[in-house]
Number of protein chains: 2
Amino acid sequence: MILLKLGGSLITRKQEPFSFRHGVMRRLAREILPVAEREPLVVVHGGGSFGHPLALEYALHRGLSSEEQLRGIALTRQAMAELTRLVVGALVEAGVRAFGVQTSAIAVCRRGEPERLELGTVRWLLELGLVPVLCGDVARDAELGVCILSGDTLVRELALELRPRRIVLATDVDGIYSAEPGSPGAKLIPEVTPESFGRLAPEMRSHDATGGMRRKLEELVELARRGYTSVIINALEEGRLRKALSGEKVRGTIVKG
Amino acid sequence: MILLKLGGSLITRKQEPFSFRHGVMRRLAREILPVAEREPLVVVHGGGSFGHPLALEYALHRGLSSEEQLRGIALTRQAMAELTRLVVGALVEAGVRAFGVQTSAIAVCRRGEPERLELGTVRWLLELGLVPVLCGDVARDAELGVCILSGDTLVRELALELRPRRIVLATDVDGIYSAEPGSPGAKLIPEVTPESFGRLAPEMRSHDATGGMRRKLEELVELARRGYTSVIINALEEGRLRKALSGEKVRGTIVKG
């Protein structure tokens, strides 16, 4: 089984609310099709400019403290439903038998960490030969009332539960850099291990609007500690996703387990 | 708590694929708002011209027997996701804090009957004061591989689990008739009881394309046997839904528990 994360900053334009990259997603879907026809695949997508701005505006990541946030919960879920529909729509159109599975319907969290994921439907879809598509989502939190279960945390949990043989994080950057990409001396780091991560962290910079890259890396290092190797790639470059899903070596950062 | 079913033939035009009645749904949302502000509410919607034609085309109600049906499973789910998005969108726009909950993510069936419904997210939403919106859906079936869990069966199950004090089935007809509506001598039957149902059944006619009215009535009679009263109304008539949700008497058929 292969686990693929489609980053929010890859499939949407982060700065422009509700801006889906239709053309990019159509191409990604075509790159996904061959591997989806060959072996089981689970897709997770992030919130991008659909879920993120609303979750931040209503401070849903900080738990439930005011009545006003209830509207934010409704709006965030609806935004994510819309984004999943667009992702699944592009996949189905390309011939991938994709089936959205609503994260907030199957997850219970505690302080933002998943405490339980009901994966019966996901396992059923994999058995049938369909491709479950989950997303980062607003979720029930047993302690905070509500939380944001990020796509990256979901990837970690799904990996531990479903034991994929390959994990690909498709983003809009080439991988982890030694400093802000584009700044003098910034170099792509081709490989991170749990050991090198400790030395790396202090100078590592957050590469997207929500500090996602640091968090992403932390989740992947946690997976590496448990023996799972993953790779971060720039899927805006045509063909990279297809190659990475097939196990070919491409430019990116391997987080080695 | 109030349980409301929005029939597929009410919110879509049954004969025309993917035809959502935007104007009707906007009005229904406005009629729902006052009651949603007063007390807990759960909404279920049917498949109408979104899910129904695909489920029939791929014979998903008969279980899994061919590879070709996998595409039908993907398409049916995607169609229902789209319909839920439209229903929730209209509700949220009217000010109802609606939150879609994907039925296929929480249900396991056996021969088309729900064996288990994971209602944690639904209960959480009700506690917070949000309005869960579920739908009839393609679902996992432990025996058949796949099945269609109809909105009406879901209403019955949700009623038994959540114990609503009122159940309203909003459709596009006035209720149960003694014969095909419009035919000579056809009369609206204002009240059905489990006792009168036995006498009624032989001459009762199916009033919509999918035989839905007979099935609907059977589910409601089953609820009546367990003490739950429900009412079938024509929500194409302005104001009827609002009144029925408030417990006012309107033209329709009461299925008395």
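In the block above lies the structure referred to throughout.
Cut-offs and rules
Residues numbered from 1 in each chain as written. Chains lettered and ligands numbered in written order. Predicted model: local features only at pLDDT ≥ 70, side-chain atom pairs only at ≥ 80, totals over all residues. Heavy atoms only, no water. Helix = DSSP H or I, 4+ residues; strand = E, 2+ residues; numbered from the N terminus. Buried < 20%, exposed > 50% of the residue type's maximum accessible area, 1.4 Å probe, protein only. Contact = heavy atoms within 4.5 Å. Least-squares fit on C-alpha atoms with pLDDT ≥ 70 in both. Expected span 1.5 Å × (residues − 1). Pairing = 2+ DSSP bridges. Salt bridge = Lys/Arg side-chain N within 4 Å of Asp/Glu carboxyl O. Buried area = accessible area lost by both parts, 1.4 Å probe. 1 Å grid on protein atoms, 1.4 Å probe; cavity = no way out; pocket = protein on both sides within 12 Å on 5 of 7 lines; lining within 4 Å. Points joined across faces, edges and corners; volume = space filled by probe spheres on them. Nonpolar A, V, L, I, M, F, W, Y, C, P; charged D, E, K, R; others polar. Axes fitted to C-alpha atoms, helices over the stretch in contact; angles between N-to-C directions. Parallel < 35°, antiparallel > 145°, perpendicular 65-115°, else oblique. Left-handed = near helix turned anticlockwise from the far one by under 90°. Phe/Tyr/Trp six-rings, centres within 6.5 Å; stacked < 30°, edge-to-face > 60°.

Q: Can you tell me about the environment of Ala74(A), naming the residues and giving the values?
A: Positionally, Ala74(A) belongs in helix α4 (residues 68–94). Given a relative accessible area of 2%, Ala74(A) falls into the buried group. Each C-alpha atom, one on Ala74(A) and one on Val138(A), is 9.1 Å from the other, the two residues being 64 residues apart in sequence. Apart from the residues within four sequence positions on either side, Ala74(A) is in contact with Val92(B), Arg97(B), Ala98(B) and Leu130(B).

Q: Run through the relation of the copies chain B and chain A, naming residues and quoting values.
A: To go from the first copy of the chain to the second, apply a rotation about an axis and then a shift along the same axis. The transform that puts chain B on chain A rotates by 180 degrees and translates by 0.0 Å along the axis, for an RMSD of 0.0 Å. With respect to symmetry, the two chain copies, as superposed, fit the operation of a two-fold axis. Mapped onto chain A, 100% of the interface residues of chain B are again interface residues, and the two copies thus contact each other with one and the same surface.

Q: So, helix α7 (residues 151–162) of chain B: which residues are in play, and what are the values?
A: All names here are of chain B. For α7, which comprises 12 residues, the first-to-last C-alpha distance of 16 Å matches the rise-based estimate of 16 Å (1.5 Å per residue) to within 8%. Inspection of α7 places Gly151, Asp152, Thr153, Leu154, Val155, Arg156, Glu157, Leu158, Ala159 and Leu162 among the buried residues, and these make up the whole buried set. Looking one or two residues beyond α7, the residue adopting positive phi is Arg163, at roughly 50 degrees.

Q: Go over the pairing of strand β11 (residues 230–234) of chain B with me, naming the residues and quoting the values.
A: All names here are of chain B. Across the five residues of β11, five count as buried, placing the element largely inside the fold. Of the two faces of β11, the one carrying Ser230, Ile232 and Asn234 and the one carrying Val231 and Ile233 are both buried. Examined bridge by bridge, strand β9 (residues 166–171) and β11 share five bridges and lie parallel to one another. Within the sheet, the bridge partner assigned to Thr171 lies in β11 and is Asn234. Where β11 lies against strand β12 (residues 253–255), three bridges are found, and the strand directions are antiparallel. Counterpart to Val231 in the pairing with β12 is Ile254.

Q: Please give an account of the pattern of salt bridges that cites residues and values.
A: Residue and element names in this part refer to chain A. Counted by the stated rule, this structure contains 44 salt bridges over all chains. Arg251 is the salt-bridge partner of Asp174, the closest N and O atoms lying 2.5 Å from each other. Of this pair, Asp174 sits in the loop between β9 (166–171) and β10 (191–192) while Arg251 sits in the loop between α10 (240–246) and β12 (253–255); the two residues are 77 residues apart in sequence, bridging distant segments of the chain.

Q: Explain the interface of chain B and chain A residue by residue, including any values.
A: Each side of the interface is counted separately: chain B has 35 residues, and chain A has 35 residues. The contact between chain B and chain A buries some 3000 Å² in all, and 62% of this surface belongs to carbon and sulfur atoms. Taken together, chain B and chain A are joined by four salt bridges. Ionic pairing is found between Glu82(A) and Arg85(B), a salt bridge with its closest N-O pair at 2.8 Å.

Q: How would you explain the sheet that holds β12(B) if you had to name every residue and give the values?
A: All names here are of chain B. Strand order in this open sheet of eight strands is β3-β6-β2-β1-β9-β11-β12-β10, and the pairing throughout is mixed. The open sheet has two edge strands, β3 (98–100) and β10 (191–192), and neither has a second partner. Note: strand β2 (residues 41–45) against strand β6 (residues 131–135), three bridges, orientation parallel. Bridge pairing in β6 links Val44 to Leu134.

Q: Give me the environment of Leu220(B): which residues, what numbers.
A: All names here are of chain B. Following the sequence through the fold, Leu220 ends up in helix α9 (residues 212–225). A relative accessible area of 2% places Leu220 in the buried class. The sequence separation of Leu220 and Ile32 amounts to 188 residues, and the corresponding C-alpha distance is 22 Å. Excluding residues within four positions of it along the chain, Leu220 makes contact with Leu169, Ser230, Ile232 and Val255.

Q: Account for empty space enclosed by the protein, with residues named and values stated.
A: With a probe scaled to a water molecule rolled over the atoms, the places where space remains empty come into view. Applying the stated criterion to the full structure yields three cavities of 30 Å³ or more. Approximately 270 Å³ is the volume found for the largest cavity. As for the largest cavity, its lining consists of 21 residues, and the residues nearest its centre are Arg77(A), Ala81(A), Arg77(B), Ala81(B) and Gln102(B). Looking at the lining of the largest cavity, the elements with two or more residues in it are α4 and β6 (131–135) of chain A together with α4 (68–94) of chain B. When its residues are assigned to classes, the lining of the largest cavity shows nine nonpolar, eight polar and four charged. Of the voids in this model, the second largest cavity is the one considered here, and its volume is about 50 Å³. If you go around the second largest cavity, the residues you meet are Glu118(A), Gly120(A), Thr121(A), Ala105(B), Ile106(B), Ala107(B), Val108(B), Arg116(B), Glu118(B) and Arg140(B). When contributions to the lining of the second largest cavity are tallied by element, the ones reaching two or more residues are α6 (120–128) of chain A together with α5 (103–106) and β4 (107–110) of chain B.

Q: Please provide a residue-by-residue account of the packing of helix α2 (residues 22–38) of chain A against α4(A), values included.
A: Helices that pack against each other are described as a pair by the angle of their axes relative to one another and the distance between those axes. Residue and element names in this part refer to chain A. Packing of α2 against α4 brings their axes to within 8 Å, and their N-to-C directions diverge by 50 degrees. The angle between α2 and α4 places the two elements in the oblique class. Read as a crossing pair, α2 and α4 show a hand that is right-handed. When α2 is examined against α4, the residues His22, Met25, Ala29, Arg30, Ile32 and Leu33 are found in contact with a partner set consisting of Leu86, Val87, Ala90, Leu91 and Ala94.

Q: Which residues make up the packing of aromatic side chains, and what values go with them?
A: All names here are of chain B. All chains considered together, the criterion is met by four aromatic pairs over all chains. Judged by centre distance (6.1 Å) and plane angle (90 degrees), the rings of Phe99 and Trp124 are edge-to-face. Placement of the pair is Phe99 in strand β3 and Trp124 in helix α6 (residues 120–128), with a sequence separation of 25 residues.

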